[in-house]
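Here's the letter readout for the chains.
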There are 2 protein chains.
Amino acid sequence: MAKINTQPPRGTRDFFPEDLRLRTWLFDIWRETARRFGFEEVDAPILEHAELYMRKAGEEIVDQLYHFELHDRHLALRSEFTPSLARMVMARQGALRWPIRWFGIPQCWRYERMTRGRRREHYQWNMDVWGEPGVAAEAELINAAFSAMDAMGLGAGDVRMRVNSRALLEETLRERFLGDRPEAFEPLCVVIDKLDKIGADAVVDQLADPDGAIRLPKPDALDVVALLQVGGLEEARKSAPAGSAALADLERLFALLEAYDIADRVVFDASVVRGLAYYTGIVFEAFDTGGKLRAVCGGGRYDRLIESLGGKPVSAVGFGFGDAVIAELLDEKGLLPELPRTLDAVIFPFGDAERPRAQALASSLRRSGQSVELVLGQMKPKRALADADRAGAERIYLIGPDELSRGVARVRELRTGEERDEPLPEGPA
Amino acid sequence: MAKINTQPPRGTRDFFPEDLRLRTWLFDIWRETARRFGFEEVDAPILEHAELYMRKAGEEIVDQLYHFELHDRHLALRSEFTPSLARMVMARQGALRWPIRWFGIPQCWRYERMTRGRRREHYQWNMDVWGEPGVAAEAELINAAFSAMDAMGLGAGDVRMRVNSRALLEETLRERFLGDRPEAFEPLCVVIDKLDKIGADAVVDQLADPDGAIRLPKPDALDVVALLQVGGLEEARKSAPAGSAALADLERLFALLEAYDIADRVVFDASVVRGLAYYTGIVFEAFDTGGKLRAVCGGGRYDRLIESLGGKPVSAVGFGFGDAVIAELLDEKGLLPELPRTLDAVIFPFGDAERPRAQALASSLRRSGQSVELVLGQMKPKRALADADRAGAERIYLIGPDELSRGVARVRELRTGEERDEPLPEGPA
């Protein structure tokens, strides 16, 4: 037979042992951070009802869905975790302790054009609080994201969180531009989310497109884009409608971030809206301060999602923190850890006569918690030594005819070369 | 909008926190066992090239594949892990340290008819040794499977491993029945694997089917089924061809299992062939001794798989150990652990004035490794106490105006009711 394609499907990854060790290191930091913040881990199927993702806002995420009909069902590989979480919250809405603090590390899939650093799957740490309407929840989440970055060795100046309020934007746009067309707000957010990617001119064109969903007069479209340039809370105060509740929420959030000693890592940025249609309040995105990479993490408040799925309204806020961009950033900063294989012992019986006692020794060491490779085939002691060294083992137990007759193993510490005899445990007989 | 379906797709599971804790408990035992045996963890995409699974032996696993065309590619959700592993081994065939000891805990998907206890996805602990032709590898794997069961609290008498040799079966069948039709052996194994499920008569019918791939004369079909009744190594010795290399391997395997003190948990059983076409040598399946459940784990030697995928031949042996049957067995034996949520502390600031110091306390406790829920909303102290109790917290820190003025938190140990004051850390200012 012709050789199969040995590469994984385009845009996906194999995890060889060294890749898996790095993934585990990252996941452990996410899990430990979540645990310290009192979040509980959950999971849902990677294959979901496609309808969960089928919104009508022109989002990229919907266009990029891996979906298909199978046995008369319309299914999709999850492109994001939040809809599954919403489904789970709805399934037990009457029986949960509120607010809910849940996290997960789902693999998510998007069919996108392949460009450097873009793949079609990634793992994403999701942290969500359900049932808490106040911005104390946002403060908790933003703090957790920074705590995880701290645990990875990133410094206070390496990543900035840009925060905006969709509610504030909506108040402002309604008052000044949308008037009686509130339904234009969600598609408008989807368009202005592309500002960094497609540039101001293209955004203006889309906002003013007479065949589009938004259809602003050109001067208004220009004003909207100008409004997005507002940076810093001072500026926001000036441009906000009088008595704005959304501005008060923002002010409160910054005070809470101050108490967590992370306010200097967070900036108000009116251009942050997030590409997902369902956000309703505070939105945030973290970027490397070098400005080279895509968002490290991002999230926001989505108080109307469950309602839009037919459930009883539940306020909610959460973020996703992918494994791809953070790995690029850590790599660039020299912070990706060296994670060599660890192995306590290799046991080498010279031949069949020595094997039963070698097995008994392996069992004994394993019972004590050590990781032990028992050499399975025949080889020369010299090769076994070199091979144990290559495996990164701490020590090798050599059991030849002489050792067997004396009831010992010859132990060699591979880092120091020190040697000694150790008594062999009796076999099971 | 009408309420969406809040259940996961049919045959799949959500993992609420209590389900996830149990899954983590199981995965931790698998991972720790694998670590002690010197195996390294790997992973591969859940979405694979469909061609990896497209064999022509009438296996159920091929019929039950979740596969689909997407953007001109034929893709499938993995139904088993071994083909992905084979692909990975082939991709680095020249650069690996042999033998390879790899494990993984992939989620695998099969579209099957739903019956009690059958689902369409499960997690499966896979342990594989690549590049070792001798049965020392089989002994290592069977011992690892039992070690994991021991760690779960199962007793030596709870599970029996049934072992057979496909090589021995092939030698015997060729000598007595297949003659010059060796190609009939693989489909024959697929049929006799169904013996327990469809019964001897149906197996005889399929073996003798004149339109099938096997086409034995009816008397031969009856003899083959009779041959499968052979149990115990003594009987095997009698029915094996003279000078059988396969029998010698079996004898050697049992001697190695003896040295691991697990020979009494393993029995020779000629009817075990495994449903997958690619097995070539020793095959094994573990069952609860109560005989109520499907196989707890199963595996075997598949020395020709990589060759069949177009690679350079590599001997290999491995097993899969699913999460479904073992959970049923542990449940039946009362061995599923109680895994309540653990939470070190709840911190309750009475109001906004107390919140900054409460946040500083939360940060301080979290930095010391504690899991801490900070109460996010407003409530009465009595409700906060009851709620902390319901969360399973060890203690609650109450910070009201009086505590704030004294610079302390009132700490209540929720198991004993003991109370004390503890100084609050300074805020960040």
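Residues numbered from 1 in each chain as written. Chains lettered and ligands numbered in written order. Predicted model: local features only at pLDDT ≥ 70, side-chain atom pairs only at ≥ 80, totals over all residues. Heavy atoms only, no water.

Focus on the overall build of chain A
1) Next: Within chain A, the secondary structure is distributed over 16 helices and 17 strands.
2) Next: For chain A, the C-alpha radius of gyration of 28 Å lies well beyond 22 Å, the compact-globule estimate for 429 residues.
3) Next: Overall, the C-alpha framework of chain A stretches about 95 × 55 × 45 Å when taken along its three principal axes.
4) Next: Taking all 429 residues of chain A together, the buried fraction comes to 59%.
5) Next: Counting contacts in chain A only where the partners sit at least 6 residues apart, residues at least 24 apart contribute 67% of the total. (Helix = DSSP H or I, 4+ residues; strand = E, 2+ residues; numbered from the N terminus. Rg over C-alpha atoms; globule rule 2.2 N^0.38 Å. Buried < 20%, exposed > 50% of the residue type's maximum accessible area, 1.4 Å probe, protein only. Contact = heavy atoms within 4.5 Å.)

Brief notes about the packing of aromatic side chains
1) Next: Tallied over the full model, the rule gives 31 aromatic pairs over all chains.
2) Next: Plain terms: the ring middles of Phe-15 of chain A and Tyr-123 of chain A are 6.1 Å apart, the flat faces sit at 70° to each other, and that makes the pair edge-to-face. With a gap of 108 residues between them, Phe-15 of chain A in the segment before α1 (17–36) and Tyr-123 of chain A in strand β7 (residues 121–130) connect regions that are remote in the sequence. Like Phe-15 of chain A, the residue Tyr-123 of chain A is buried in the burial classification.
3) Next: Judged by centre distance (5.2 Å) and plane angle (40°), the rings of Phe-348 of chain B and Phe-350 of chain B are tilted.
4) Next: Taking relative accessible area as the criterion, Phe-350 of chain B reaches 30% and is therefore assigned partly exposed.
5) Next: Members of the aromatic cluster, joined through ring pairs, are Phe-15, Phe-27, Trp-30, Tyr-123, Trp-125, Phe-319 and Phe-321 of chain A.
6) Next: In this arrangement the basic side chain of Arg-366 of chain A is found over the ring face of Phe-37 of chain B, its NZ or CZ atom lying 3.8 Å from the centre.
7) Next: When the ring centre of Tyr-111 of chain B is taken as reference, the NZ or CZ atom of Arg-120 of chain B above it lies at 4.1 Å. (Phe/Tyr/Trp six-rings, centres within 6.5 Å; stacked < 30°, edge-to-face > 60°. Lys NZ or Arg CZ within 6 Å of the ring centre and 35° of its normal.)

Looking at a negative patch on the surface
1) Next: A cluster of acidic residues, Asp-201, Asp-205, Asp-209 and Asp-211 of chain B, forms a negative patch on the protein surface.
2) Next: Residue classification places Asp-205 of chain B among the partly exposed positions, given a relative accessible area of 48%. (Patch = residues over 30% accessible without salt bridge, like charges linked within 9 Å, V, L, I, M, F, W, Y side chains within 5 Å. Areas by Shrake-Rupley, 256 points an atom, 1.4 Å probe, with all protein chains shown as cover. Salt bridge = Lys/Arg side-chain N within 4 Å of Asp/Glu carboxyl O. Lys, Arg positive; Asp, Glu negative; His and termini not counted. Charge placed at Lys NZ, Arg CZ, Asp CG, Glu CD.)

Looking at the sheet that holds strand β14 (residues 372–374) of chain B
All names here are of chain B.
1) Next: An order of β14-β13-β15-β16-β17 is seen for the five strands of this open sheet, with the pairing classed as mixed. Since the sheet does not close on itself, it has two edges, and those belong to β14 and β17 (419–423), each with one partner. Across the sheet, the axes of successive neighbouring strands diverge by a mean angle of 25°, strand direction being ignored.
2) Next: Relative to strand β15 (residues 393–399), strand β13 (residues 343–349) is paired through six bridges, and the arrangement is parallel. Note on β15: the bridge partner recorded for Pro-349 is Ile-399. (Pairing = 2+ DSSP bridges. Axes fitted to C-alpha atoms, helices over the stretch in contact; angles between N-to-C directions.)

Overview of the relation of the copies chain B and chain A
What relates the two chain copies is a rotation about an axis together with a slide along it.
1) Next: Expressed as a screw transformation, the operator carrying chain B onto chain A has a rotation angle of 180° and an axial translation of 0.0 Å, and the superposed copies differ by an RMSD of 0.0 Å. Here the transformation between the copies is reduced to the relation of a two-fold axis. Every residue of chain B has its C-alpha some distance from the rotation axis, and the shortest such distance is that of Phe-68 of chain B, at 3.6 Å.
2) Next: Interface residue correspondence from chain B to chain A reaches 100%, placing this contact among same-surface, isologous pairings. (Least-squares fit on C-alpha atoms with pLDDT ≥ 70 in both.)

A closer look at the confidence of the model for chain A
1) Next: On average, residues of chain A score 93 in pLDDT, and 97% of them reach the 70 mark or higher.
2) Next: Overall fold confidence for the complex sits at a pTM of 0.96, while the interface term, ipTM, reaches 0.95. (pLDDT = per-residue confidence, 0-100.)

Describing the domain arrangement of chain A
1) Next: What the domain assignment reports for chain A is domain 1 (17–167 + 262–332) and domain 2 (343–423).
2) Next: Computed over C-alpha atoms, the centres of domain 1 of chain A and domain 2 of chain A are 47 Å apart. (Domains from an automatic or database assignment.)

Details of unusual backbone geometry
What is expected of a backbone is that most residues other than glycine have negative phi and most peptide bonds are trans.
1) Next: With an omega of -10°, the peptide bond between Trp-98 of chain A and Pro-99 of chain A qualifies as cis.
2) Next: One non-glycine residue, Arg-215 of chain A, lies in positive phi territory at about 50°.
3) Next: Looking at where Arg-215 of chain A falls in the secondary structure, it is placed in the loop between α8 (200–208) and α9 (218–227).
4) Next: Note on Arg-215 of chain A: relative accessible area 42%, which makes it partly exposed.
5) Next: If you check the backbone angles, Asp-261 of chain B has positive phi at about 65° while not being a glycine.
6) Next: For Asp-261 of chain B, the location among the structural elements is in the loop between α11 (245–259) and β9 (266–268).

Quick look at the packing of helix α6 (residues 185–192) of chain B against helix α8 (residues 200–208) of chain B
All names here are of chain B.
1) Next: Contact geometry for α6 and α8: axes closest at 9 Å, N-to-C directions at 160°. The pairing of α6 with α8 is recorded here as roughly antiparallel in orientation. Note on packing geometry: the crossing formed by α6 with α8 is right-handed. The segment α6 lies against α8, with Leu-188, Val-191 and Ile-192 engaging Val-203, Gln-206 and Leu-207. (Parallel < 35°, antiparallel > 145°, perpendicular 65-115°, else oblique. Left-handed = near helix turned anticlockwise from the far one by under 90°.)

Observations regarding the pairing of strand β11 (residues 297–301) of chain A
The side chains of a regular strand alternate between both faces of the sheet.
Residue and element names in this part refer to chain A.
1) Next: Among the five residues in β11, five count as buried, and that is most of the element.
2) Next: Taken together, the four bridges between strand β10 (residues 282–288) and β11 define a ladder with antiparallel strand orientation. Bridge pairing in β11 links Glu-285 to Gly-298.

Regarding the pattern of salt bridges
1) Next: Across all of its chains, the model carries 84 salt bridges over all chains by this definition.
2) Next: The partner of Arg-341 of chain B in a salt bridge is Glu-40 of chain A, with the nearest N and O atoms 3.8 Å apart. Highlighted residues: Arg-341 of chain B in the loop between α13 (323–332) and β13 and Glu-40 of chain A in strand β1 (residues 40–41), drawn from two different chains. Both residues of the pair, Arg-341 of chain B and Glu-40 of chain A, belong to the buried class.
3) Next: A salt bridge links Arg-78 of chain B to Asp-43 of chain B, with the shortest nitrogen-to-oxygen separation between them at 3.5 Å. Within this pair, whereas Arg-78 of chain B is found in the loop between β4 (73–77) and α3 (82–91), its partner Asp-43 of chain B is found in the loop between β1 (40–41) and β2 (47–49), the two being separated by 35 residues in sequence. Like Arg-78 of chain B, the residue Asp-43 of chain B is buried in the burial classification.
4) Next: Taken together, the salt bridges that share partners define one network made up of Arg-21, Arg-341, Glu-373 and Asp-387 of chain A together with Glu-40, Arg-97 and Arg-101 of chain B.

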